[in-house]
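# Fold and geometry: a report
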Amino acid sequence: MKFLAGLLTFTVALLHLGFMALEMFFWNAPLGHKIFGMSAEVAATSEVLAFNQGLYNGILAVGLLWGLMANKHGIKVYFLLAIIVAGVVGGLTAKMTIMYIQALPALLALLLVMKTKGRRAGEPRLFS
């Protein structure tokens, strides 16, 4: 279970590195136009905003990788929660598929991370 939690968290980090690359470097390219379903005109006018959004996705990815490498439960939980919130907001305000592509994998990873947290003697369980 712990391996699966780490693998899914790593997958979420890789997804966000991919989002970063698309938004920062391919937004105003044919690949970005196709993936995000927008015209060259729309891409050109929103390129700076997408670059900034890509940077945030990169920060989220690096935070997850940090939590994995340092084996810090709280760091993984924080960044997974941030991704879930961003995915829900994106799904409600921009495109519903964001909720499935971004928030759902992070939610599954969070549930596994929470399930595999080691407990100290006498510490209550979050999930039975």
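These remarks concern the structure in this document. (Residues numbered from 1 in each chain as written. Predicted model: local features only at pLDDT ≥ 70, side-chain atom pairs only at ≥ 80, totals over all residues. Heavy atoms only, no water.)

To continue, consider the nonpolar core. If you look at the biggest cluster of nonpolar residues, it comprises 16 residues, and the most contacted ones within it are Val12, Leu64, Leu80, Ile83 and Ala106. The set of elements that each furnish at least two residues to this core consists of α1 (2–25), α3 (40–70), α4 (73–93) and α5 (97–116). Every residue in contact with Leu80, bar those within four places of it in the chain, is listed here: Thr9, Val12, Leu64, Ala106, Ala109, Leu110 and Val113. (Core = buried A, V, L, I, M, F, W, Y, C linked by side-chain atoms within 4.5 Å. Buried < 20%, exposed > 50% of the residue type's maximum accessible area, 1.4 Å probe, protein only. Helix = DSSP H or I, 4+ residues; strand = E, 2+ residues; numbered from the N terminus. Contact = heavy atoms within 4.5 Å.)

Take the layout of surface pockets next. In this structure, the largest pocket occupies an estimated 720 Å³ of space. Around the largest pocket sit 21 residues that line it, and Glu23, Phe36, Gln53, Ile98 and Gln102 are the ones nearest its centre. Considered class by class, the residues forming the lining of the largest pocket number 13 nonpolar, six polar and two charged. (1 Å grid on protein atoms, 1.4 Å probe; cavity = no way out; pocket = protein on both sides within 12 Å on 5 of 7 lines; lining within 4 Å. Points joined across faces, edges and corners; volume = space filled by probe spheres on them. Nonpolar A, V, L, I, M, F, W, Y, C, P; charged D, E, K, R; others polar.)

With that out of the way, let us pick up the side chain of Lys76. Examined against the element boundaries, Lys76 turns out to sit in helix α4. Filtering out sequence-adjacent residues up to four positions away, Lys76 remains in contact with Leu64, Gly67, Leu68, Asn71 and Val113.

The geometry of a pair of packed helices is captured by two quantities: the angle between their axes and the separation between those axes. α4 packs onto α3 with a crossing angle of 155 degrees between their chain directions and a minimal axis gap of 8 Å. Here α3 lies roughly antiparallel to α4, going by the angle between them. Here α3 runs over α4; the crossing is left-handed. For the pair formed by α3 and α4, the contact residues are Ile59, Leu60, Gly63, Leu64, Trp66, Gly67 and Leu68 on the first element and Ile75, Lys76, Phe79, Leu80, Ala82 and Ile83 on the second. (Axes fitted to C-alpha atoms, helices over the stretch in contact; angles between N-to-C directions. Parallel < 35°, antiparallel > 145°, perpendicular 65-115°, else oblique. Left-handed = near helix turned anticlockwise from the far one by under 90°.)

Here the structure, examined in full by the defined rule, presents three aromatic pairs. On the numbers, 6.5 Å between centres and 90 degrees between planes, the contact of Phe25 with Phe51 is edge-to-face. One end of the pair, Phe25, is in helix α1; the other, Phe51, is in helix α3, and 26 residues separate them in sequence. In this structure Phe25 comes out as exposed when scored by relative accessible area, which is 54%. Both rings, one in Tyr78 and one in Phe79, keep their centres 5.1 Å apart while their planes meet at 90 degrees; by these two values the pair is edge-to-face. (Phe/Tyr/Trp six-rings, centres within 6.5 Å; stacked < 30°, edge-to-face > 60°.)

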